[in-house]
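# Descriptive structure summary
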Number of protein chains: 2
Amino acid sequence: MQAVGMVVEYNPFHNGHRYFLRQARQLTDADVTVAVMSGNFTQRGEPTIVDKWTRARAALESGVDLVVELPIFYAAQPAHRFAAGALAILNALQVHQVAFGAEHPDWDFPALVAAERRFNQAEFDQYNVTYATQFNQQLRAQTGRELRDPNDILAFAYTKAVLTRHYPIQLTAVQRRGSDYHDREIHGQIASASAIRQAVATGTDFIATVPTAMRAALAQVDRVPDWADLYPILRNQLIQAPLNYLATTYQMAEGLEHRMKEVAQRSLTFDAFIHGVKTKRYTYAHLLRMCLYTTLQLSEDEVVARTDQPYIHILGFTRRGQEYLHQVKKAVPVPLFTKVSQGMRDGFYNLDYRAGKLYQNFTPVEQDLKHPPIMIR
Amino acid sequence: MQAVGMVVEYNPFHNGHRYFLRQARQLTDADVTVAVMSGNFTQRGEPTIVDKWTRARAALESGVDLVVELPIFYAAQPAHRFAAGALAILNALQVHQVAFGAEHPDWDFPALVAAERRFNQAEFDQYNVTYATQFNQQLRAQTGRELRDPNDILAFAYTKAVLTRHYPIQLTAVQRRGSDYHDREIHGQIASASAIRQAVATGTDFIATVPTAMRAALAQVDRVPDWADLYPILRNQLIQAPLNYLATTYQMAEGLEHRMKEVAQRSLTFDAFIHGVKTKRYTYAHLLRMCLYTTLQLSEDEVVARTDQPYIHILGFTRRGQEYLHQVKKAVPVPLFTKVSQGMRDGFYNLDYRAGKLYQNFTPVEQDLKHPPIMIR
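Attention in this report is confined to the structure presented alongside it. These numbers were taken from a predicted model, which means no experiment stands behind them.

Conventions we followed
- Residues numbered from 1 in each chain as written.
- Chains lettered and ligands numbered in written order.
- Predicted model: local features only at pLDDT ≥ 70, side-chain atom pairs only at ≥ 80, totals over all residues.
- Heavy atoms only, no water.
- Helix = DSSP H or I, 4+ residues; strand = E, 2+ residues; numbered from the N terminus.
- Rg over C-alpha atoms; globule rule 2.2 N^0.38 Å.
- Buried < 20%, exposed > 50% of the residue type's maximum accessible area, 1.4 Å probe, protein only.
- Areas by Shrake-Rupley, 256 points an atom, 1.4 Å probe, with all protein chains shown as cover.
- Lys, Arg positive; Asp, Glu negative; His and termini not counted.
- Charge placed at Lys NZ, Arg CZ, Asp CG, Glu CD.
- Least-squares fit on C-alpha atoms with pLDDT ≥ 70 in both.
- Contact = heavy atoms within 4.5 Å.
- Phe/Tyr/Trp six-rings, centres within 6.5 Å; stacked < 30°, edge-to-face > 60°.
- Buried area = accessible area lost by both parts, 1.4 Å probe.
- Salt bridge = Lys/Arg side-chain N within 4 Å of Asp/Glu carboxyl O.
- Polar contact = N/O pair within 3.5 Å; in protein donor to acceptor, adjacent residues only side chain to side chain.
- Nonpolar A, V, L, I, M, F, W, Y, C, P; charged D, E, K, R; others polar.

### Overview of the overall build of chain A
Across its full length, chain A holds 18 helices and eight strands. Relative to the globule expectation of 21 Å for 377 residues, the C-alpha radius of gyration of chain A, 20 Å, shows essentially globular dimensions. Reported as C-alpha extents along the three principal axes, the dimensions of chain A are approximately 55 × 50 × 45 Å. Each of the 377 residues in chain A was classed as buried or not, and the buried ones make up 58%. Summed over all atoms, the accessible surface of chain A reaches about 15800 Å², with 50% contributed by carbon and sulfur. Charged side chains of chain A number 40 positive and 37 negative; the gap between the two group centres comes to 3 Å.

Structure, rendered in structure tokens:
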């Protein structure tokens, strides 16, 4: 059996994902589809619209054969770490084909990766612009191109991960319209995930845009989870924790802990907080991730330890997905499991467990401990 | 001018407090009344029904001349530390008379204090009973009495503080009915604070039991603040913070951090949590205070540092209270202030400031920074 892997958030799972799934299978001639999916928090550090089990079930009922969790120390990261982590998981699962969407699938991404090696690191010294802006200044100077669209940025990151780690993985880029991601309107049966979340949030009709498997779950969402809901927790942490403790937070740099504490003290709402913290130096995505790291009390040491020793948490599978697992499991070089035991909770799985507990502010469902995998027959 | 001091919570200020105020003034023949009042959290570690400013204003409009804040490192403490802290503040304010209620005002409290010095410390070794129970076993053996009623316990603690610190303070005990405190029913114009809070919580009529000054504020309470509201914050702290960090929490002992973390992980409600944590060893009051210390990330070091260097935050005064302040201020040996500056916020006042920020989960009102004192003309 040959598998095609995909790196996904399914936030929520929608018709566009189903369409992509068919394309990926056709283009790669794969027998089985494997999705490595973010858990309860997205790459931007935000809580997902419904929990990972609901999203995994919708995916499995819509044609995905195997869904595994992208651990949070990979999932809530900038594109290059997100992509590297996801490909590490797919490679460990013996997946040799990976399909992804890109706004410019025809670009020579390996050439762009090669160009990055010639960057002058000394030029990354402008403290009033984002890293992405400085990256694009150099990329344009070298290649005439800039990475501006979100899927192109991930395409670059997947390519870089494969080339750097020498994974035996063939990458297949699929055309994705550049407007999709940012499009906030719903027209017909295909809409972007953000447009669908917006429709759920505002009570607009979204039914045509998601497969049956996702409809009931989304219909039950009366409030789309977001940071405003978690702000009392984040705010308390920023106010109560000493500065030297906040400074140990993963990615906390350049004195950002001072700014976050100061702004939290005077901001009663998350909106006021995030606008108060924003500078030209940091993107909103970076700051949202910093909110997540702070709330999870995630330290640099913890991320380093976990990144070096990943694992694969299987969320669910079809019969075909199960067969694939039987075929590959002996070759998988990292812990592979379907149920989180108490020992795993207190050990290597602890960070994902804690993220699940944070997500319990949106659902009473226990997210991890002894949760059985989804099996679709 | 001679002052009479009182140690109060005014949670809320009610007719019984007004009655006591008159008795205290008559019995001591004082010109001015000074109340040292808990801020936004009570001795039991619970949030107050309305904020400290609202309670101070009601007291000032009902006959108290000067209201100062009992700093939280004194206020949210067992009786002996609460009483010692409050008397340290009153003594610093040059108050030489202190009146308090007691269920048994005729008891010889100095004799009971003397008896405690003869206790056998080695007998405080039963880990399945509370400290209070062991204390009473020894007190009964020495004197035939037990301290069972809350105001008698405080009376003992005030007496002990005066005798130990040699304060030039005369104590006046006023009869208080033993049933008052625990009485949950409202009959007529005098009711216990807990009965009034209960009435506010259940929408029962409480109007006759509180002076006009308190009525409007209580009428606006649509939910009585309690730990259930703060549980998402407490729970996240217990789950996300490493055990070795939780272990540095003030009064965290005998491995309680393990138990609190474990129970928090599985408890979705505060009710389930506090019942899960309860053992014969600890009272609910102790555990509620531990919840507060944990949420404030209060360390042993911080409490020791603050306890040794108290200060007096003036919440408000009448004209007579202001005159008294003018009369004594040069003799006050600790910082005395009416407004919290940014420097104080980040310095010695920080812990009270943080408690005020935690209380902002119940009110948008800034509790400390640059808040002016209440002046009643």
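### What about the relation of the copies chain A and chain B?
Here the two chain copies are tied together by a rotation about an axis and a shift along that axis. After a rotation of 180° and a shift along the axis of 0.0 Å, chain A superposes on chain B with an RMSD of 0.0 Å. These values place the two chain copies in the arrangement generated by a two-fold rotation axis. For chain A, the minimum C-alpha distance to the rotation axis belongs to Ile233 of chain A and amounts to 2.5 Å. The residues that chain A uses at the interface reappear at the interface of chain B in 100% of cases, marking a shared surface.

### Some details on the packing of aromatic side chains
Within a pair of aromatic rings, the relevant descriptors are the distance that separates the centres and the angle that separates the planes. Considering all chains together, one arrives at 39 aromatic pairs over all chains under this definition. Judged by centre distance (5.9 Å) and plane angle (40°), the rings of Tyr311 of chain A and Phe337 of chain A are tilted. Here Tyr311 of chain A is found in the loop between α15 (300-308) and β6 (312-318), whereas its partner Phe337 of chain A is found in strand β7 (residues 336-337), with 26 residues between them in sequence. Among the residues examined, Tyr311 of chain A registers a relative accessible area of 1% and is labelled buried. Overall, Phe337 of chain A belongs to the buried group, its relative accessible area being 9%. Note on Tyr359 of chain B and Phe362 of chain B: the rings are 5.3 Å apart at their centroids and 55° apart in plane angle, and the pair reads as tilted.

### Thoughts on the interface of chain A and chain B
Taken together, the contact between chain A and chain B spans 25 residues of the former and 25 residues of the latter. For the pairing of chain A and chain B, the buried interface totals around 2100 Å² over both sides, and the portion due to carbon and sulfur atoms is 44%. Seen at the junction of chain A and chain B, the total is two salt bridges. Between Arg345 of chain A and Glu262 of chain B there is a salt bridge whose closest N-O contact spans 3.0 Å. The interface formed by chain A and chain B holds 14 residue pairs in polar contact (both at pLDDT 80 or more) in total. Per element, the largest residue contribution to the side of chain A that touches chain B is seven residues, and it comes from helix α10 (residues 227-240) of chain A. When its residues are assigned to classes, the side of chain A that touches chain B shows 11 nonpolar, nine polar and five charged.

### Let's talk about the environment of Leu268 of chain B
Along the chain, Leu268 of chain B falls in the loop between α12 (256-266) and α13 (270-277). Judged by relative accessible area, which is 41%, Leu268 of chain B ranks as partly exposed. Through-space distance from the C-alpha of Leu268 of chain B to that of His187 of chain B is 37 Å; in sequence the pair is 81 residues apart. When residues no more than four places from it in sequence are discounted, the contact partners of Leu268 of chain B are Gln360 and Pro364 of chain A together with Tyr231 and Arg235 of chain B.

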